Amino acid sequence: MSAETFFANVDKIRYEGPDSDNPLAFRWYDADRVVRDRTMAEHLRFGVCYWHSFAWDGSDIFGAGTLDRPWNPATASGAAAALEPMDAARLKMAAAFEFFEKLGAPFFSFHDIDIAPPGKTFAESARNLDEMIDVAAGHMERTGTNLLWGTTNAFSHPRFMAGAATNPDPAVFQYAAAQVARCLSATHRLGGANYVLWGGREGYETLLNTDMRRELDQLGRFLNMVVEHKHAIGFEGTLLIEPKPMEPTKHQYDYDVATVFAFLQRHGLENEIKVNIEVNHATLSGHDFHHEVATAVNAGVFGSIDANAGDDRLGWDLDRFPVSVEQMSLGMLEILRGGGFTTGGLMFDTKLRRQSIERDDLFHGHIGGMDVMARSLLVAASMIDELDARRDARYAGWGQRTDILEGNVTLQQLHDAQLTGTEPTGVSGRQEALENLVQRHIERAR
Ligand code: XLS
Ligand code: NI
Ligand code: NI
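Calculation criteria
Numbers given to residues run from 1 along each chain, matching the order in which its sequence is written. Here the convention is simple: chains get letters from A, ligands get numbers from 1, in the order in which they are written. In keeping with the predicted nature of the model, local features appear solely for residues at pLDDT of at least 70, side-chain atom pairs appear and are counted solely at 80 or more, and the whole-chain, interface and lining totals rest on all residues. Side-chain descriptors were evaluated using all non-hydrogen atoms of the structure, hydrogens and water having been removed beforehand. For two strands to count as paired, DSSP must find a minimum of two bridges between them. Secondary structure counts use DSSP, requiring at least four H or I residues in a row for a helix and at least two E residues in a row for a strand, with both numbered from the N terminus. Interaxial angle, 0 to 180 degrees, is taken between N-to-C directions of lines fitted to C-alpha atoms, where a helix line uses only the stretch in contact. Any residue with at least one heavy atom within 4 Å of a molecule or strand is counted as near it. A 3.5 Å cut-off defines polar contacts: any pair of N or O atoms within that distance qualifies, except that in protein one atom must be a possible hydrogen donor and the other a possible acceptor, and neighbouring residues in sequence count only when both atoms are side-chain atoms. Throughout, the Shrake-Rupley method with a 1.4 Å probe supplies accessible areas, and for residues the shown protein chains are the sole cover considered. Under this grouping Gly is polar, as are all residues other than the nonpolar Ala, Val, Leu, Ile, Met, Phe, Trp, Tyr, Cys and Pro and the charged Asp, Glu, Lys and Arg. Here is the rule: rings of Phe, Tyr and Trp (six-membered ring for Trp) pair when centre to centre is within 6.5 Å. Planes less than 30 degrees apart are stacked, more than 60 are edge-to-face, and the remainder are tilted. A simple rule labels every residue: compare its accessible area, found with a 1.4 Å probe on the protein chains alone, to the largest value its type can have, and call it buried under 20%, exposed over 50%, or partly exposed in between. Within this scheme, the nonpolar core is defined by two criteria: the residues are buried Ala, Val, Leu, Ile, Met, Phe, Trp, Tyr or Cys, and they are joined through side-chain atoms within 4.5 Å. Any two residues whose heavy atoms approach within 4.5 Å at even a single point are treated as in contact. Water is absent from the atoms considered, so a metal site may look incomplete; donors are defined as N, O and S atoms within 2.8 Å of the metal, or 3.2 Å for Na, K and Ca. Geometry is assigned from the angles between donors: four donors with all angles from 85 to 135 degrees make a tetrahedral site, four or six donors whose opposite pairs exceed 155 degrees while the rest stay between 65 and 115 make square planar or octahedral sites respectively, and everything else is labelled irregular.

Topic: the sheet that holds strand β8 (residues 194-198)
Link 1 in the chain: Pairing is parallel around the closed barrel formed by eight strands, whose spatial order is β5-β6-β7-β8-β10-β12-β13-β14. Looking at each pair of strands side by side, their axes are set apart by 30 degrees on average, direction ignored.
Link 2 in the chain: Two strands pair when backbone bridges link them, and strand β5 (residues 46-49) and strand β6 (residues 107-111) are joined in this way by three bridges, in the parallel orientation. Within β6, the position partnered with Cys-49 by the bridge is Ser-109.

Digging into the site of ligand 1
Link 1 in the chain: Taken together, Trp-51, His-111, Trp-149, Trp-198, Glu-242, Lys-244, Glu-278, His-281, Asp-306, Asp-317 and Asp-349 make up all the residues around ligand 1.
Link 2 in the chain: For ligand 1, an oxygen atom lies 2.6 Å from a polar atom in the side chain of Glu-278.
Link 3 in the chain: Here His-281 contributes a side-chain N or O atom positioned 3.0 Å from an oxygen atom of ligand 1.
Link 4 in the chain: In isolation ligand 1 has 290 Å² of accessible area, and contact with the protein removes 94% of it.
Link 5 in the chain: Here the shell around ligand 1 is built from residues that sort into three nonpolar, two polar and six charged.

Some points on the packing of aromatic side chains
Link 1 in the chain: One pass over the structure, following the stated rule, counts 24 aromatic pairs.
Link 2 in the chain: Each ring, one from Phe-46 and one from Phe-348, has its centre 5.4 Å from the other, and the planes form 20 degrees; the classification is stacked. Separated by 302 residues along the polypeptide, Phe-46 in strand β5 and Phe-348 in strand β14 (residues 346-348) bring together distant segments of the chain. In this structure, Phe-46 and Phe-348 share a single accessibility class: buried.
Link 3 in the chain: Each ring, one from Phe-54 and one from Phe-100, has its centre 5.9 Å from the other, and the planes form 85 degrees; the classification is edge-to-face.

Thoughts on the nonpolar core
Link 1 in the chain: If you look at the biggest cluster of nonpolar residues, it comprises 115 residues, and the most contacted ones within it are Leu-44, Tyr-50, Phe-54, Leu-103 and Ile-305.
Link 2 in the chain: In terms of residues, this core owes the most to one element, helix α12 (residues 361-394), which gives 15 residues.
Link 3 in the chain: In this structure Phe-54 touches Phe-7, Val-48, Cys-49, Arg-69, Trp-71, Asn-72, Lys-92, Ala-95, Ala-96, Phe-99, Phe-100 and Leu-362, once residues within four positions along its chain are discounted.

Examining the coordination of the nickel ion (ligand 3)
Link 1 in the chain: Coordination of the nickel ion (ligand 3) by the protein involves Glu-242 (OE), Glu-278 (OE), Asp-306 (OD) and Asp-349 (OD), with metal-donor separations of 2.0 to 2.1 Å.
Link 2 in the chain: Between the six donor atoms coordinating the nickel ion (ligand 3), the angles at the centre fall across 79 to 178 degrees, so the site counts as octahedral.
Link 3 in the chain: Donor residues for the nickel ion (ligand 3) sit on one chain with the sequence pattern E-x35-E-x27-D-x42-D.
Link 4 in the chain: In this model, the nickel ion (ligand 3) sits 3.7 Å from the nickel ion (ligand 2), the two metals being bridged by Glu-278. Linking Glu-278 in strand β12 (residues 273-278) with Asp-349 in the loop between β14 and α12, this pair joins segments that are 71 residues apart in sequence. The same class applies to Glu-278 and to Asp-349, which are both buried.

Honestly, it's all geometry; don't read function into it.
Right under this line is the structure:
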């Protein structure tokens, strides 16, 4: 098998418009189309993730790998069993870049161990990573694909069973620090736009054995060291924390955006680190996706998005491709209200279903996700002005009472004024009318 033809049955995916019946074409994502102030490609900044799409073999907690990924030794065909790990990594990378290019995704993302096999020692792992970073640089140059973010996997290996930075054993903290330093440099070398820190197992299983105060301080120190390292090596991308409330631990310290923002402030990091919001994690934390975006925008820490979705019947991080235009339109609305992406983008931290074993299934998942997000952008762009005007009108009364928020009146003065004042009449929330407005834009946005 030649790696260049891993997806031999699929050609470059093109935009054909909403009336196309071609399942391997975009119906909504038209990269060069201008929407408000920028093109769709500039608004959406799509990225494909290496881990679910190329490193994962389709295994779940109840069963073995199902996916045809010949570079993964555990894959059913066994084709890779005979391959040297570095040869398997090169094969995987060639297939991944063939995919990025045919899909027309401008960005990709990786964990260190997705692209380079771990060695027997840290030094050997670091050499493997360096070598694969060189290979990646060649593919990026050839295909024009860019790096949205790099990240470190400090949660899969047994050494991280009790976390990385929050581990009770400082030797594990040191290992994780070494890994992040190396991977941050690798991300810098590839011109990454961001670097993500998802707190893989930074949390606890039981408070019976956990000194929460100490663990949070360890995490704060760790992140300060990452910031110092970023500046030391001259990395200009954005550092991002990815909130998640639970899974794999019972309680993750980066619970949601509000929790992360409080943590950043406590450790003096609120101007150095922003958030990467994952839609499925928002759901797990009991929030709407758009709530998390709005919270981040308000706090000034909005960074990037992992564009996936959960399943209403299954309560874990399922990482489905997004399918709901309504859900994503409300999220895109808050992103537009915040001024859109700067270094961030929409990363498909998405998994095929385990039964999707044809090679082109990976295209169908991404094409559908890109079209849902593009359509959601059109809906959000179409309704934002009308909604903002309605929202401003709701607060219009404050135009006459700037004295209150400017701090020019006291509680006593408001009391005295009310003694002779009239009964407030209130303002209608107009929720049903606004929900109908959203539906109208969903129906009509083109
Ligand atoms: C896991 C996270 C992970 C991060 C990258 O739930 O979503 O995939 O995005 O480490
Ligand atoms: Ni996730
Ligand atoms: Ni994620």
